[in-house]
Amino acid sequence: MRNSSIPGAHGHVRPLTLHGDPLLHTPCAEVTDFGPELARLVEDLFATMYAAQGVGLAANQIGEPLRVFVYDCPDDEDVRHVGHVVNPRLVEADGVVIRGPEGCLSLPGLEAGTERYDHAVVDGFTMTGDPITVHGSGFFARCLQHEYDHVEGRIYADHLSGWRHRKLMRQVARASWRRVGE
């Protein structure tokens, strides 16, 4: 029996920040207050991620320029990893580089073959300020690197070049959710 509530059960679904918003390309600020507002933000991140059927979500993707992300993501062995990281630092990204399909809730419905390491380690804190280290392999390593990129002001499209980048940008231009003036 589970003693704690389901992540996001008490959160509110917030609108997603979409490609073209400068917030997605601005490094996020360190969290300094580990109080109830941070706990609400983490709950809202989980609620929004689940509503959008994602496996990870960073705070700037819901309009909050803070270094926080959540995840509910399997690894390649189908082991489910659920959690959050405040003030994350990517301390390791190594192993084999694998190009795999990658999407993003800020570019809904699109994906592109993106190169990522198959092993990643992120240090940070929980919403209560306790230190945490998260180890990921396979798809979960991809998720950790993707979400860390968000708090650094990068999106997966920034890792693409050549025809892959051009193809994705053509798809963005035709997307129904595209911001006017992009």
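Residues numbered from 1 in each chain as written. Predicted model: local features only at pLDDT ≥ 70, side-chain atom pairs only at ≥ 80, totals over all residues. Heavy atoms only, no water.

## Observations concerning the UniProt feature "active site" (unreviewed entry) in the chain
So, step 1. In the UniProt entry, the feature "active site" (unreviewed entry) is given for E147.
So, step 2. With respect to the secondary-structure elements, E147 resides in helix α2 (residues 138-151).
So, step 3. A residue is classified by how much of its surface remains accessible, and E147, at 4% relative accessible area, is buried.
So, step 4. Excluding anything up to four places from it in sequence, E147 contacts G56, L57, A58, Q61, F69 and V70. (UniProt positions renumbered as here; feature names shortened; annotations may be inferred. Helix = DSSP H or I, 4+ residues; strand = E, 2+ residues; numbered from the N terminus. Buried < 20%, exposed > 50% of the residue type's maximum accessible area, 1.4 Å probe, protein only. Contact = heavy atoms within 4.5 Å.)

## Quick word on α2
So, step 1. Look at α2: 21 Å from first C-alpha to last across 14 residues, which is about the 20 Å you get at 1.5 Å a residue.
So, step 2. Counting buried residues in α2 gives 13 out of 14 residues, a clear majority hidden from the surface.
So, step 3. After α2 finishes, the residue G153 shows a positive phi value of roughly 85 degrees. (Expected span 1.5 Å × (residues − 1).)

## Topic: the layout of surface pockets
So, step 1. The computed volume of the largest pocket comes to approximately 290 Å³.
So, step 2. As for the largest pocket, its lining consists of 15 residues, of which V55, G103, C104, F139 and H146 are closest to the centre.
So, step 3. Looking at the lining of the largest pocket, the elements that each hand over two or more residues are β3 (80-103) and α2.
So, step 4. At 5 residues, α2 tops the list of elements feeding residues into the lining of the largest pocket.
So, step 5. Along the lines of polarity and charge, the residues of the lining of the largest pocket split into 6 nonpolar, 6 polar and 3 charged. (1 Å grid on protein atoms, 1.4 Å probe; cavity = no way out; pocket = protein on both sides within 12 Å on 5 of 7 lines; lining within 4 Å. Points joined across faces, edges and corners; volume = space filled by probe spheres on them. Nonpolar A, V, L, I, M, F, W, Y, C, P; charged D, E, K, R; others polar.)

## Observations regarding unusual backbone geometry
So, step 1. Phi is positive for Q53, which is not a glycine, with a value near 60 degrees.
So, step 2. Positionally, Q53 belongs in the loop between α1 (36-51) and β1 (56-58).
So, step 3. Take Q53: its relative accessible area is 73%, and that puts it in the exposed class.
So, step 4. Non-glycine residue D78 carries a positive phi angle of around 65 degrees.
So, step 5. Positionally, D78 belongs in the loop between β2 (68-74) and β3.
So, step 6. Here D78 falls in the exposed class, since its relative accessible area comes to 65%.

## A closer look at the pattern of salt bridges
So, step 1. The final tally for this structure, using the stated rule, is 11 salt bridges.
So, step 2. For R14, the salt bridge goes to E64, with nearest N and O atoms at 3.0 Å. In this pair, R14 is assigned in the segment before α1 and E64 in the loop between β1 and β2, connecting sequence segments 50 residues apart.
So, step 3. A residue is classified by how much of its surface remains accessible, and E64, at 26% relative accessible area, is partly exposed.
So, step 4. In this structure, E102 engages R142 in a salt bridge whose closest nitrogen and oxygen atoms are separated by 2.6 Å. Residue E102 is found in strand β3, and its partner R142 is found in helix α2; the two are separated by 40 residues along the sequence. Note on accessibility: E102 and R142 belong to one class, buried.
So, step 5. Within this structure, E102, R116, R142, D149 and R154 form a network of salt bridges that share partners. (Salt bridge = Lys/Arg side-chain N within 4 Å of Asp/Glu carboxyl O.)

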